[in-house]
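In case you want the letters, here they are:
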Amino acid sequence: MARTVLVTGGNRGIGLAIAQAFAKQGDRVAVTHRSGEAPAGLFGVKCDVTDYASVDAAFSTVEAELGPVEVLVANAGITDDTLLMRMSEEQFTGVLDTNLTGAFRCAKRASAKMLRAKWGRMIFISSVVGLYGSAGQVNYAASKAGLVGVARSITRELGSRNITANVVAPGFIATDMTAALPEERRAEYRKAIPAGRFAEPDEVAGVVAWLASDAAGYISGAVIPVDGGLGMGH
Ligand code: NDP
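A brief look at the structure comes next.

What counts, and where the lines are drawn
Residues numbered from 1 in each chain as written. Predicted model: local features only at pLDDT ≥ 70, side-chain atom pairs only at ≥ 80, totals over all residues. Axes fitted to C-alpha atoms, helices over the stretch in contact; angles between N-to-C directions. Helix = DSSP H or I, 4+ residues; strand = E, 2+ residues; numbered from the N terminus. Parallel < 35°, antiparallel > 145°, perpendicular 65-115°, else oblique. Left-handed = near helix turned anticlockwise from the far one by under 90°. Contact = placed C-beta atoms within 7 Å. Nonpolar A, V, L, I, M, F, W, Y, C, P; charged D, E, K, R; others polar. Buried ≥ 20, exposed ≤ 12 C-beta atoms within 10 Å, placed from the backbone. Core = buried A, V, L, I, M, F, W, Y, C linked by C-beta atoms within 7 Å. Near = placed C-beta within 6 Å.

## Overview of the packing of helix H3 (residues 89–117) against helix H5 (residues 138–158)
Then step 1. Running from amino to carboxyl end, H3 crosses H5 at an angle of 20°, the nearest separation of the two axes being 9 Å. Considered as vectors, H3 and H5 are oriented roughly parallel to each other. Taken as a pair, H3 and H5 cross one another with a handedness that is right-handed. Only Asn139, Tyr140, Ala142, Ser143, Lys144, Gly146, Leu147, Val150, Ile154 and Leu158 of H5 make contact with H3, whose side of the interface consists of Gln91, Phe92, Val95, Leu96, Asn99, Leu100, Ala103, Phe104, Ala107, Ser111 and Leu115.
Then step 2. Grouping the amino acids of the contact of H3 with H5 by side-chain chemistry returns 14 nonpolar, 6 polar and 1 charged.

What follows is the structure, given as structure tokens:
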């Protein structure tokens, strides 16, 4: 059955791969893009997840064009790395505002229509770093760990209404985000990953699409690692 899917930050990287996976299986897919143009062949809406009015307007546009959002993939995220002693409060709260509060804003906006439909899927893109920790990423790790609490609390609030909320925790995926790391850091990470390599965005997308399927309807509050064994299932 075709669903209406909204992927935040779906104009590139992991979000784009997720949007393409849903589109390929025949779903009605919208992606949010903060900058630039929508990717070719996908319905795009401008949205900055740090602004509730922008999130609200994006959902309203998607509802008018494609129908109520049945599957939300909260994927938009940023890093702003530095060591704890050097991290400013703005660097901490800025990353939290996009990665954690941004996901909350989208989940809140999606929930009313999902409740009315008595069906919904929320998938939060976290990171191996949320549970594993990472030097230089106190802000990012806190934001990604926070998504676990969000998903589990939503599961408890809305679980009886056929709404699931799960977390996907990717390891190192070949995107602009990891391309920004220095090569020696990337080589160190590759050594630590049992699979011995970074993954392609498609390898995350397949898991997200499956979590939204009827086959995964009894999975909620889970953290699904897609990390080549780095977190050992956490
Ligand atoms: P990219 O940096 O390639 O893309 C990030 C996306 O998020 C872009 O579409 C960007 O939009 C969007 N975005 C950032 N800030 C905002 C905002 N305020 N409002 C709306 N959209 C925003 O990242 P990845 O594809 O690598 O990562 C996607 C998700 O996966 C992130 O949450 C990331 O933390 C997570 N992740 C990534 C891993 C990796 O190894 N790559 C590993 C684990 C988790 P724009 O193009 O306009 O900047």
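## A word on unusual backbone geometry
Then step 1. Within the chain, Lys118 stands out as a residue other than glycine whose phi angle is a positive 50°.
Then step 2. Considering the arrangement of structural elements, one finds Lys118 in the loop between H3 and strand E5 (120–125).
Then step 3. Judged by local crowding, Lys118 falls into the exposed class, with 11 C-beta atoms found within 10 Å.
Then step 4. Of note in the backbone geometry, Asn162 takes a positive phi value of approximately 65° without being a glycine.
Then step 5. Of note, Asn162 is situated in the loop between H5 and strand E6 (163–170).

## Observations regarding the nonpolar core
Nonpolar side chains in soluble globular proteins tend to be buried together.
Then step 1. Counting 63 residues, the largest nonpolar core has Ile18, Leu72, Val73, Ala107, Phe124, Val168 and Val208 as the members making the most contacts within it.
Then step 2. If you tally residues by element for this core, the top one is H5, at 8 residues.
Then step 3. Dropping the residues within four chain positions of it, Phe124 is found in contact with Ala74, Ala103, Leu147, Val150, Ala151 and Val167.

## Focus: the environment of Pro194
Then step 1. Among the structural elements, Pro194 can be located in the loop between helix H7 (183–192) and helix H8 (201–211).
Then step 2. Given 10 C-beta atoms within 10 Å, Pro194 falls into the exposed group.
Then step 3. Ignoring anything within four residues of it in the chain, the contact list for Pro194 reads Gly228, Gly229 and Leu230.

## Examining the site of the ligand
Then step 1. The immediate surroundings of the ligand are formed by 30 residues, with Gly9, Gly13, Arg34, Gly77 and Thr175 found nearest.
Then step 2. Among the residues forming the shell around the ligand, the class breakdown is 10 nonpolar, 16 polar and 4 charged.

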